[in-house]
Amino acid sequence: MGLGEIRSRTGVAGLDEVLGGGLLPYRLYLVDGDPGAGKTTLALQFLLEGLRADERCMYVTLSESKQELEAGAASHGWSLDGIQILELLSQADLFDDTEQLTVFTESEVELSTTTRRILTAVEQYAPHRVVLDSLSDLRLLAQNSLRYRRQVVALKQFFMGRRCTVMMLDDRTMQGPDQQLHSIAHGVVALNSSTPVYGQIRRDVRVVKFRGSDFVSGRHDFVIRSGGLTVFPRLIAAEHAALRERGRLASGVARLDALLGGGVDRGTSTLLMGPPGSGKSTIALQFAAAAVARGEHAAVFAFDETNAAMRARSMSMGLHIAEGRGAGELDFHQIDPVVISPGEFADLIRRSVEQDDARIVIIDSLNGYLNSMHHSNYLTAQLHELLTYLNNQGVATFIVVAQSGMVGMNMAAPVEASYLADSVLMLRYFEHAGSVKKAISVLKKRTGGHEDSIRQMWFDEHGIHLSEPLLGLRGVLTGVPSEPARTEDPLSLHSHG
Ligand SMILES: Nc1ncnc2c1ncn2[C@@H]1O[C@H](COP(=O)(O)OP(=O)(O)OP(=O)(O)O)[C@@H](O)[C@H]1O
Ligand SMILES: [Mg+2]
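Below, the structure is looked at part by part. Given the structure is predicted, the values throughout are model-derived calculations rather than measurements. (Residues numbered from 1 in each chain as written. Chains lettered and ligands numbered in written order. Predicted model: local features only at pLDDT ≥ 70, side-chain atom pairs only at ≥ 80, totals over all residues.)

### Remarks on the sheet that holds strand 3 (residues 83–87)
For step 1, the next point in the chain: Taken together, 9 strands build an open sheet; the order of strands is 3-2-6-7-1-8-9-10-11 and the sheet is mixed. The strands lining the two open edges of the sheet, one partner per strand, are strand 3 and strand 11 (228–232). Going from strand to strand, the sheet's axes swing by 20° on average, the running direction of each strand aside.
For step 2, the next point in the chain: Looking at chain direction, strand 6 (residues 129–133) and strand 7 (residues 165–170) are connected through 5 bridges and run parallel. From the neighbouring strand, Leu132 faces strand 7, where its bridge partner is Met168. (Pairing = 2+ DSSP bridges. Helix = DSSP H or I, 4+ residues; strand = E, 2+ residues; numbered from the N terminus. Axes fitted to C-alpha atoms, helices over the stretch in contact; angles between N-to-C directions.)

Structure (structure tokens):
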């Protein structure tokens, strides 16, 4: 966006971000999308934004009545007072259109009655912003494609050079994209929606073209809720590189930190892998508690666990964590994977980092995150972008991955995620002396050193405890270790030291 360049804001903040600040004024834009995609809602937001900027705004409706429009607006809490609404939906128009064509003197183009009415009204009211809802109706009225094209060309010629920003809506009733329309418009915004087998409708917006301006390419998730459209611009990690304090984050549990070569590095991600109940969330929470105790802000994004369950567990372990959005507090975000899209999730994380200054982020769990995705082939790409973003921000990220199966090495993870993370902590159950114990080890750590050892781990009301390295046992990670013949109990080490 050039310095001092004026943009017409659309009234949808995320979309303006995608458009490099907003639409370029006095041009013609096409918004296309299937029925129900949100075109009318976006168009109303565009005009309401115009009103806020003291611009004259006009809505030309060929399909919905003024009452229907107002009712729809009211459902979002909007009043359309101040917007000039031109309603052209009577049967008479239809007949007029089929019966007579007049010649519009300026351009020598045949114009239908409907088109003429639009042009006359625009000339009289001289609006800064115009919405035409919709071209599909114009197409129907014109009855054949040749006449329809003439109307569209006439509209374009009429608007050219006028100080008027035009948004034309089209509901794709034509087979395939209307190439001519796309070439006539200065910009094309496509609204898409898909309905997953299970869960809510998923919506995304894409800028197909935007003459004279840069824009963020690709698909951006959006939602329509009471209050209108909210667009979540696709996260591009490289655009958010920040020079943040790095350094190490210790858990405060000496042996856990020893295992990790001093703790985890800020600006890296750590995967906590293990079977159900093995203590993945607890370890993540321990790091959060340590950060919060130092006055930092931490955020948990929980797909699986409820706030109450997390609180109960941390209390039972003697972790008292203040909750809230400030420094020295932990913010607990309960995520409903059925409702949220990956784009909205990334947006939540961004706000947590950029507005609340979260220095530690916990995603619990990746399994839940996976469930929120309808196109799992994009998962790795999106997750990679998210983790890169968090690393760039100097955040210490923890990702919990629940593995299926209870014992043994070959447990299935929902996605091969270990290569995405900088460090991998693995938790396992093993059998020893007639009971089931937990083991912890570090599989990889990209930055700095770590122990190769396996330690036993247990929790009580004082928190997390680790044993000295289990040197006397072989095959702990198989779940059924053996020990070389010796008299002393290898696990007795943990009770002292
Ligand atoms: N108050 C509201 N709260 C939440 N969602 C809403 C609300 N009002 C409308 N919607 C959603 O917005 C969608 C339609 O929006 P809109 O009328 O803008 O679509 P459209 O593209 O103009 O449709 P058409 O092609 O039929 O004119 C609906 O499918 C509905 O799911
Ligand atoms: Mg509509």
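Here the narrative resumes.
### Remarks on the site of ligand 1
For step 1, the next point in the chain: Around ligand 1, the structure places 15 residues, and the nearest of them are Gly36, Lys39, Thr40, Thr41 and Ser75.
For step 2, the next point in the chain: Mapped by element, the contributors of at least two residues to the shell around ligand 1 are helix 2 (39–52), helix 3 (66–75) and strand 10 (219–225).
For step 3, the next point in the chain: Counting residues per element, the shell around ligand 1 draws most heavily on helix 2, which supplies 3 residues. (Near = placed C-beta within 6 Å.)

### Details of helix 5 (residues 113–125)
For step 1, the next point in the chain: The end-to-end C-alpha separation of helix 5 is 18 Å, in line with the 18 Å expected for 13 residues at 1.5 Å each.
For step 2, the next point in the chain: Taken together, the buried positions of helix 5 are Thr113, Thr114, Thr115, Ile118 and Val122.
For step 3, the next point in the chain: Within two residues after helix 5, Ala126 carries a phi angle of roughly 45°, on the positive side. (Expected span 1.5 Å × (residues − 1). Buried ≥ 20, exposed ≤ 12 C-beta atoms within 10 Å, placed from the backbone.)

### Digging into the pairing of strand 21 (residues 454–460)
For step 1, the next point in the chain: Across 4 bridges, strand 20 (residues 435–445) lies against strand 21 in antiparallel orientation. Across the sheet, Ile440 pairs through a bridge with Arg455, a residue of strand 21.
For step 2, the next point in the chain: Across 5 bridges, strand 21 lies against strand 22 (residues 463–469) in antiparallel orientation. Counted as the bridge partner of Arg455 is Pro469 from strand 22.
For step 3, the next point in the chain: Between strand 21 and strand 22, which pair antiparallel and follow one another directly, the connecting turn spans 2 residues.

### Overview of unusual backbone geometry
For step 1, the next point in the chain: A cis amide bond links Asp133 to the next residue, Ser134, at an omega of 5°.
For step 2, the next point in the chain: Positionally, Ser134 belongs in the loop between strand 6 and helix 6 (135–142).
For step 3, the next point in the chain: Here the bond from Asp364 into Ser365 is cis, since omega is 10°, no more than 30 degrees from zero.
For step 4, the next point in the chain: Take Ser365: it is sitting in the loop between strand 17 (358–364) and helix 13 (366–371).

### Some thoughts on the nonpolar core
For step 1, the next point in the chain: If you look at the biggest cluster of nonpolar residues, it comprises 133 residues, and the most contacted ones within it are Tyr29, Val60, Val131, Leu272, Phe287, Ala288 and Ile360.
For step 2, the next point in the chain: Counting only domains with at least three residues in this core, you end up with domain 1 (13–234) and domain 2 (239–495).
For step 3, the next point in the chain: Filtering out sequence-adjacent residues up to four positions away, Phe287 remains in contact with Leu249, Ser251, Val264, Ile360, Ala396 and Phe398. (Core = buried A, V, L, I, M, F, W, Y, C linked by C-beta atoms within 7 Å. Domains from an automatic or database assignment. Contact = placed C-beta atoms within 7 Å.)

### Some words on the pairing of strand 17
For step 1, the next point in the chain: Strand 17 sits mainly inside the fold: 7 of its 7 residues count as buried.
For step 2, the next point in the chain: Bridge analysis of strand 17 against strand 18 (residues 396–402) gives 5 bridges, and the strand direction is parallel. In the sheet register, Ile363 faces strand 18, and the bridge partner there is Ile399.

### Let's talk about the sheet that holds strand 17
For step 1, the next point in the chain: Spatial strand order, 16-15-17-18-14-19-20-21-22: 9 strands in an open sheet with mixed pairing. Two strands close off the open sheet at either side, each with one partner strand: strand 16 (330–334) and strand 22. Strand after strand, the sheet turns through a mean of 25° between neighbouring axes, direction not considered.
For step 2, the next point in the chain: Lying on the sheet, helix 10 (residues 280–293) is in contact with strand 14 (269–274), strand 15 (297–302), strand 16, strand 17, strand 18, strand 19 (423–432), strand 21 and strand 22; it crosses strand 17 at an angle near 165°.
For step 3, the next point in the chain: Each of strand 14, strand 17 and strand 18 is contacted by helix 14 (residues 379–392), which is oriented at about 130° to strand 14, the strand it contacts most.

### Quick notes on the packing of helix 6 against helix 7 (residues 145–159)
For step 1, the next point in the chain: In the contact formed by helix 6 and helix 7, the axes pass within 8 Å of each other and the chain directions differ by 130°. By the angle between their axes, helix 6 is oblique relative to helix 7. Read as a crossing pair, helix 6 and helix 7 show a hand that is right-handed. In this structure, helix 6 contributes Leu138, Arg139 and Ala142 to the contact, and helix 7 contributes Arg147, Tyr148 and Gln151. (Parallel < 35°, antiparallel > 145°, perpendicular 65-115°, else oblique. Left-handed = near helix turned anticlockwise from the far one by under 90°.)

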